[in-house]
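Each chain is listed here by its residues.
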Amino acid sequence: MQIVKGYFAALLVFFAMGLGMPAWANPPAGSTGVDLTPLTNAVNFSTVSTGILAIAATLMTLYAAYAGVRFLLRMVKSA
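Reading guide: rules and limits
- Residues numbered from 1 in each chain as written.
- Predicted model: local features only at pLDDT ≥ 70, side-chain atom pairs only at ≥ 80, totals over all residues.
- Heavy atoms only, no water.
- Helix = DSSP H or I, 4+ residues; strand = E, 2+ residues; numbered from the N terminus.
- Buried < 20%, exposed > 50% of the residue type's maximum accessible area, 1.4 Å probe, protein only.
- Areas by Shrake-Rupley, 256 points an atom, 1.4 Å probe, with all protein chains shown as cover.
- Patch = residues over 30% accessible without salt bridge, like charges linked within 9 Å, V, L, I, M, F, W, Y side chains within 5 Å.
- Salt bridge = Lys/Arg side-chain N within 4 Å of Asp/Glu carboxyl O.
- pLDDT = per-residue confidence, 0-100.

Novice: What is the right way to read the overall build of the chain from this model?
Specialist: If you tally the helices and strands in the chain, you get three helices and zero strands. Shown N-terminal to C-terminal, the secondary structure of the chain runs as helices and strands in the order α-α-α. Here the chain holds 79 residues, and 1% of them are scored as buried. Roughly 7,300 Å² of accessible area belongs to the chain as shown, and the carbon and sulfur atoms make up 75% of that amount.

Novice: How do you make sense of a nonpolar patch on the surface when you look at a structure like this?
Specialist: Residues Tyr7, Phe71 and Leu72 make up a contiguous nonpolar surface patch of roughly 320 Å² in combined accessible area. Mapped onto the fold, Tyr7 is located in helix α1 (residues 2–19). Judged by its relative accessible area of 44%, Tyr7 falls in the partly exposed class.

Novice: Just checking my understanding: could you explain the confidence of the model for the chain for this structure?
Specialist: When pLDDT is low, close inspection of the predicted coordinates is not appropriate. Model confidence for the chain is summarised by a mean pLDDT of 77, while 67% of its residues fall at 70 or above. The least confident element of the chain, judged by mean pLDDT, is α1 at 67; the most confident is helix α3 (residues 48–78) at 92.

Below, the structure written as structure tokens:
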């Protein structure tokens, strides 16, 4: 159980670091981000390969979620 608490605390700190940005980390008011319009305009969503890649990405996401749940269940059972 102690291991689970440690993992939970580490996960909580990780998310807190990502979500709670300090005030000094804000970019200056005059700065702009990277312009990606040439890259996004070059993508053609009417092709079959885009659909295949979308299905592959969905399957990879589902597999990653499945593997994560299995890992967590193994961790809980061993505690």
